[in-house]
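Structural overview
What follows is the residue order along each chain.
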Amino acid sequence: MELNPLTAISPIDGRYRSKVKTLARYFSEMGLIEYRLKVEIEYFITLSSWGLTHLPELENTQQELLRDIYRHFGEKEALYIKEIEKITNHDVKAVEYFLKEKMELFQMDAYKEFVHFGLTSQDINNTAIPWLLKDFFQDEYVPLMRVLIEKIRILAIAWKDIPMLARTHGQPATPTRLGKELMVFVERLEGQALLLQQIPFKAKFGGATGNLNAHFVAYPQVDWVGFADHFVGSLGLERSRFTTQIEHYDHLSALLDGIKRINTILIDLTRDMWQYISMDYFKQKIVSGEIGSSAMPHKVNPIDFENSEGNLGLANALLEFLSAKLPISRLQRDLTDSTVLRNLGVPFAHTIVAIQSLIKGLEKLELNQAQLEKDLHDNWAVVSEAIQTILRRESYPQPYETLKGLTRTHQKIDAENIQEFIRGLPIDEALKAELLAITPFNYIGVDLF
């Protein structure tokens, strides 16, 4: 079978392909090859600009000619590199040979041996991967998260004055505001997103075992540490100075943990929204032609929130594994990080699918205010906190115990019970009037907006 969205084993490249196809430019084999090529070219140009090739510095036109190789990189070029790899049996070396062939076409033969000069494969991989991650993070993940957070904020503002029965431990509790409950998630997501954006994208660029041995032995008079720091910084990355053959991945692990933490908050949100829908606080907009159940025609299932929760859970399982595994390597390097890193795009793809589904679910919500009001009306016992607190203020004896005796019975407490109780208290009429004015609809605290 030829590979296509119907024959793909993974739903990322199958069912969800249309939702995450833009991620291929970062996390596909072709995407990784392109970023490796970019690192090789920019490294060679930097060597030349620092006068480290003992050859005339590349002219601007030559530099741009080289950069055009990756600017116009496509599937044809990627397939050709894979053909070279069949001979070399080494993916990074295949990129090096491809670039050397291009330089021959550009009549830059004299410079060829300064391609990949002094480097090991991981100098390329451990620079290409944080580079593509940075681009994915800035161009795909952050903008989508901003859309989601803004979507939640808009709903929160629209519903900021809607009173709602709170539930702690699943039981009726002090009333709240629907908008404030949504702003809880806005605050949590913004806080974690801010932390996430403080994590640097670290690259390893230091030769076979991290000491720039080959560079130093060839040109001992050169400040190779300064050169390496400058080169990596020019790509928008930070260089780890003390490394083995590979990047230690501690900052990548922090990034993965940060995204996992955000996903956990989103799981919390999806479950709350699912519960509110099941409580009939929200209706869902009906999409013409869409079927909720193959057997029950009346159903409109909260599938977007369920899809989001499932994808977030799967993403977090993979993020947890990657975060725990990558920082561990035997001695100066083993190869286990290589195959693991090739799966880096999978949890990100599931995360993107989840966020898209969550946004879609939020856009379908329609407030059923009547049900929120009904729940408040059916739970007058929640104003007992307000009554006993005011009685405490007035030094009324044992106010908590008095209200406990009234409310912790099996009989339903309604407005009439509460009002009868207040009228029977041995307090002055002004205080009774203050207590009688309290209802589940206005006992909603301060406006936090």
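Everything discussed here concerns the structure shown above.
Below or above, wherever it landed, is the structure these notes cover. Fair warning: this is a prediction, and the values are worked out from it, not measured in the lab.

Describing the layout of surface pockets
Roughly 1,000 Å³ of internal volume is contained in the largest pocket. Residue lining of the largest pocket: 41 residues in total, with Phe27, Ser28, Glu29, Met30 and Arg342 positioned closest to the centre. Among the elements that line the lining of the largest pocket, the one with the most residues is helix H7 (residues 121-158), at six residues. A class-by-class count of the residues in the lining of the largest pocket yields 20 nonpolar, 10 polar and 11 charged.

Description of the nonpolar core
Of all hydrophobic cores here, the largest spans 116 residues; its most connected members are Leu66 and Tyr141. With 17 residues, the top contributor of residues to this core is H7. Apart from the residues lying within four places of it in its own chain, the contact partners of Leu66 are Ile41, Phe44, Ile45, Leu58, Leu99, Met103, Phe106 and Met108. Judged by nonpolar contacts, the second largest core, of 19 residues, contains Leu391, Ile418, Leu431 and Leu435.

Remarks on the pairing of strand S1 (residues 163-168)
A regular strand carries its side chains on alternate faces of the sheet. With five bridges joining them, S1 and strand S2 (residues 171-177) adopt antiparallel strand pairing. Note on S2: the bridge partner recorded for Thr168 is Gln171. Where S1 hands over to S2, the hairpin turn is made up of two residues, of which His169 adopts a positive phi near 60°.

Digging into helix H4 (residues 60-71)
Relative to the 16 Å expected for 12 residues at 1.5 Å per residue, H4 spans 16 Å between its end C-alpha atoms, a close match to the ideal helical length. When H4 is considered as a whole, its buried residues turn out to be Gln63, Leu66, Arg67, Ile69 and Tyr70. Each buried residue of H4 lies within a common arc of 135° when the element is viewed along its axis, so the set occupies one face. Packed against the buried residues of H4 are helix H3 (29-49) and helix H6 (91-105).

Definitions and cut-offs
- Residues numbered from 1 in each chain as written.
- Predicted model: local features only at pLDDT ≥ 70, side-chain atom pairs only at ≥ 80, totals over all residues.
- Heavy atoms only, no water.
- 1 Å grid on protein atoms, 1.4 Å probe; cavity = no way out; pocket = protein on both sides within 12 Å on 5 of 7 lines; lining within 4 Å.
- Points joined across faces, edges and corners; volume = space filled by probe spheres on them.
- Helix = DSSP H or I, 4+ residues; strand = E, 2+ residues; numbered from the N terminus.
- Nonpolar A, V, L, I, M, F, W, Y, C, P; charged D, E, K, R; others polar.
- Core = buried A, V, L, I, M, F, W, Y, C linked by side-chain atoms within 4.5 Å.
- Buried < 20%, exposed > 50% of the residue type's maximum accessible area, 1.4 Å probe, protein only.
- Contact = heavy atoms within 4.5 Å.
- Pairing = 2+ DSSP bridges.
- Expected span 1.5 Å × (residues − 1).
- Arc of directions from axis to C-beta.

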